[in-house]
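Residue-level listing of the chains:
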Amino acid sequence: MSQVIARLLLIPGVLILSVSIYVLSFAPFLKVVSLYEDGFQNPWVAYQPVLWCIWKTPLQKPLLNWANLFGVQSETEMQAWLFVQDVRLEDMHFNYNFEK
């Protein structure tokens, strides 16, 4: 009987651990990617659920504090806002006309 209970508790435990590792891996991963110019084109695609959590849930402050520890808070906050607004950077055009 105790083995059945242990197996029933194992599945939610593994699920919770997996989700926690995924959520906590976003800031270190983005920091490593930011160190390399020729890295991923859009590393944020893998972390869209985290971006949604940052903007739409009470986890915003803890997740942004976590991103701040790795120096990616401003990028994370901007990407979360763009994700919620359904704006993709590749769809945007920036006009850098510096002529006076």
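The preceding data block contains the structure.
Cut-offs applied
Residues numbered from 1 in each chain as written. Predicted model: local features only at pLDDT ≥ 70, side-chain atom pairs only at ≥ 80, totals over all residues. Heavy atoms only, no water. Helix = DSSP H or I, 4+ residues; strand = E, 2+ residues; numbered from the N terminus. Buried < 20%, exposed > 50% of the residue type's maximum accessible area, 1.4 Å probe, protein only. Contact = heavy atoms within 4.5 Å. Areas by Shrake-Rupley, 256 points an atom, 1.4 Å probe, with all protein chains shown as cover. Axes fitted to C-alpha atoms, helices over the stretch in contact; angles between N-to-C directions. Nonpolar A, V, L, I, M, F, W, Y, C, P; charged D, E, K, R; others polar. Core = buried A, V, L, I, M, F, W, Y, C linked by side-chain atoms within 4.5 Å.

A. Layout of the overall build of the protein chain. A count of helical and extended segments in the protein chain gives 5 helices and 0 strands. Counting every position in the protein chain, which comprises 100 residues, the buried fraction comes to 18%. By sequence separation, contacts in the protein chain at least 24 residues apart represent 58% of the contacts at least 6 residues apart. Of the accessible surface of the protein chain, which amounts to about 8100 Å², a share of 63% is contributed by carbon and sulfur atoms.

B. Just the packing of helix 1 (residues 2–24) against helix 2 (residues 26–34), in detail. Where helix 1 meets helix 2, the axes come as close as 5 Å, and the angle between the chain directions of the two elements is 35°. Residues Tyr-22, Val-23 and Leu-24 of helix 1 form the contact with helix 2, whose participating residues are Phe-26, Ala-27 and Pro-28. Taken together, the residues of the contact of helix 1 with helix 2 sort by class into 6 nonpolar, no polar and no charged.

C. Representation of the nonpolar core. In this structure, Phe-26, Leu-30, Val-50, Ile-54, Leu-63 and Val-72 are the most contacted members of the largest nonpolar core, which totals 13 residues. Of all elements in the fold, only helix 2, helix 3 (48–56) and helix 4 (60–69) reach the threshold of two or more residues within this core. For Ile-54, the residues in contact, after removing those within four places along its chain, are Phe-26, Gln-60, Leu-63, Leu-64, Thr-76 and Ala-80.

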